[in-house]
Amino acid sequence: MQVRVFYHDKCFDGACSASLFTRFHRECIAQGASYEYHGLVHRAGALFDDSEFTGDENAIVDFKYSASPRITWWFDHHLSAFLTPQDQQSFLDCKANPDCGERKFFDPNYTSCTSFLAHIGSTRFGFNTAPVADLIHWADIVDGAKYESPESAVEMAAPAMKLTLIIESTQDDTFIPRLIPLLTAMPLAEVLSQPFVAGLLPPLLERHQDSLALIRSRAEERDGTIFFDITDHPLEGFNKFIPYYLYPRATYAIGLSRSSFRTKVSVGSNPWTKADPAKMVNLAAICERYGGGGRARVGAISFPPDQAEKARIAAAEIVAELRAKNPLG
């Protein structure tokens, strides 16, 4: 059996989910299967190419729902999991069918897709998650921003944080597919020490310091919301906790950035905020108005690279809305 696994690309939880799915599938579903990995990114326009769903089984983890009948497995935990009402209805119809419903799962209450997949695997299929408990633990920390402090998130002492930096920054399409099988086969520190991984870290740490200095020079905080525009310095990724490291009392951060394939509006909230959660805004709902999505506390909107002005207008509108709704004001 050939299984094609489609995962949220350039994302620690996406890579961990793909690795955990592989181990679960191999141990509980098809011991002799072979696996291929394909990253998916949020971008303006179509997210899926159905012609790539050519496996005997095709799985999507940590990414939006596809109604394609070729998709046999799906796991996601994002509030904005469905592109259209038709997709959501397709999922509901699937859940009403025992054969389909036992292979497609959605629950936005889980911190990471990795922990959600582990729960489903263990409770529905008898999957033993004990050997991968550390991976699940770190997927929750990274994807749920459950760091002890902004310093621990930005200074990145833990192997998981260093791997996150590499995963989010790589431009090599073969790197994450090569990394995925290792994540559930060895401790994260050992993964980080592999020659094809370790050599990538020093220049990325230097670049991290450069992005910290850049955002420090651009970010401004007012009424509990930080805003920065670094579109004139194209980056494939940056540490999303830098704004709160610089302004620890802020509640929200809006970042406007540009990469090779999109102009992105990042919309986040401070994991260490003292604000009353009941007074905070659902960021996924805001992003959905502009064609983006995410979760209640973090989201993003992707525009084509040549639509920076539209992205700038959207960012300005969101900044104004959040500054007017400062929960600590």
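Use the structure listed above.
A brief look at the structure comes next.

The rules behind these values
- Residues numbered from 1 in each chain as written.
- Predicted model: local features only at pLDDT ≥ 70, side-chain atom pairs only at ≥ 80, totals over all residues.
- Heavy atoms only, no water.
- Pairing = 2+ DSSP bridges.
- Helix = DSSP H or I, 4+ residues; strand = E, 2+ residues; numbered from the N terminus.
- Axes fitted to C-alpha atoms, helices over the stretch in contact; angles between N-to-C directions.
- Contact = heavy atoms within 4.5 Å.
- Core = buried A, V, L, I, M, F, W, Y, C linked by side-chain atoms within 4.5 Å.
- Buried < 20%, exposed > 50% of the residue type's maximum accessible area, 1.4 Å probe, protein only.
- Expected span 1.5 Å × (residues − 1).
- Arc of directions from axis to C-beta.
- Disulfide = S-S within 2.5 Å.
- Polar contact = N/O pair within 3.5 Å; in protein donor to acceptor, adjacent residues only side chain to side chain.
- Parallel < 35°, antiparallel > 145°, perpendicular 65-115°, else oblique.
- Left-handed = near helix turned anticlockwise from the far one by under 90°.
- Nonpolar A, V, L, I, M, F, W, Y, C, P; charged D, E, K, R; others polar.

Moving on, we get to the sheet that holds strand S5 (residues 104–106). Strand order across the open sheet formed by five strands is S2-S1-S3-S4-S5, with parallel pairing between neighbours. With partners counted over all chains shown, the strands left at the sheet margins are strand S2 (34–40) and S5, one partner each. Across this sheet, the average inter-strand angle for adjacent strands is 15°, counted without regard to direction. Where strand S4 (residues 73–76) and S5 come together, three bridges link them in parallel fashion. Opposite phenylalanine 75, over in S5, you have phenylalanine 105 as the bridge partner. Seen against the sheet, helix H1 (residues 12–28) touches strand S1 (2–8), S2, strand S3 (57–61) and S4 and runs at an angle of roughly 155° to S1. Running at roughly 120° to S5, helix H2 (residues 85–95) makes contact with S4 and S5 of the sheet.

The next subject is the sheet that holds strand S7 (residues 225–229). Read from one edge to the other, the open sheet built from six strands follows the order S6-S7-S8-S9-S11-S10, with strand pairing classed as mixed. Every other strand in the sheet has two partners, leaving strand S6 (220–222) and strand S10 (293–295) as the edge strands with one partner each. Neighbour-to-neighbour, the strand axes of this sheet turn through a mean angle of 15°, independent of strand direction. Note: strand S9 (residues 263–269) against strand S11 (residues 298–303), six bridges, orientation antiparallel. Looking across to S11, one finds that lysine 264 is bridged to serine 302. This element, helix H14 (residues 308–324), spans S6, S7, strand S8 (252–258), S9 and S11 of the sheet and lies at about 175° to S8.

Most often, soluble globular proteins keep nonpolar side chains buried together rather than apart. Of all hydrophobic cores here, the largest spans 74 residues; its most connected members are Phe12, Phe21, Phe75 and Leu179. It is H1 that contributes the most residues to this core, seven residues altogether. Leaving out residues up to four positions away in the same chain, phenylalanine 75 has contacts with Phe21, Ile60, Val61, Asp62, Phe63, Phe105, Cys113, Leu117 and Ile120. Val267, Ala311, Ala315 and Leu322 belong to the second largest nonpolar core, which has 20 residues in total.

A separate point is helix H11 (residues 201–218). In a regular helix each residue adds 1.5 Å, so 18 residues correspond to 26 Å; H11 covers 25 Å between its end C-alpha atoms and thus fits that length. Here H11 has its buried residues at Leu201, Leu204, His208, Ser211, Leu212, Leu214 and Ile215. Projection of H11 onto a plane perpendicular to its axis shows the buried side chains occupying an angular sector of 170°, all on one side. Opposite the buried face of H11, at more than 90 degrees from it, the exposed residues are Pro202, Glu206 and Ser217. On its buried face, H11 is in contact with helix H6 (150–155), helix H7 (159–169), helix H9 (188–193), helix H10 (195–198), S7 and helix H12 (242–246).

Right, let's talk about the state of the cysteines for a bit. All told, the structure shown has one disulfide when counted by the stated rule. Shown here is the disulfide that connects cysteine 94 with cysteine 100, its sulfur atoms set 1.9 Å apart. Taking the sign of the S-S torsion, -105° for the link of cysteine 94 and cysteine 100, the bridge is left-handed. Given a relative accessible area of 4%, cysteine 94 falls into the buried group. As a non-bridged cysteine, cysteine 16 has cysteine 11 as the owner of its nearest cysteine sulfur, 8.3 Å distant. Cysteine 113 takes part in no disulfide bond, and the closest cysteine sulfur to it belongs to cysteine 11, at a distance of 9.1 Å.

We now examine the side chain of threonine 114. Here threonine 114 shows up in helix H4 (residues 113–125). A polar atom in the side chain of threonine 114 sits 3.3 Å from the side chain of serine 17. Beyond its immediate chain neighbours, meaning those up to four positions away, threonine 114 contacts Asp13, Cys16, Ser17, Leu20, Ile136 and Ala139.

At a minimum axis distance of 9 Å, the contact between H1 and helix H5 (residues 133–143) shows a crossing angle of 155°. By the angle between their directions, the pair H1 and H5 is classed as roughly antiparallel. The interaxial crossing formed by H1 with H5 has left-handed handedness. Counting all contacts with H1, which are made through Phe12, Asp13 and Cys16, the residues of H5 involved are Leu135, Trp138, Ala139, Val142 and Asp143. Looking at the contact of H1 with H5 residue by residue, the classes come out as six nonpolar, no polar and two charged.

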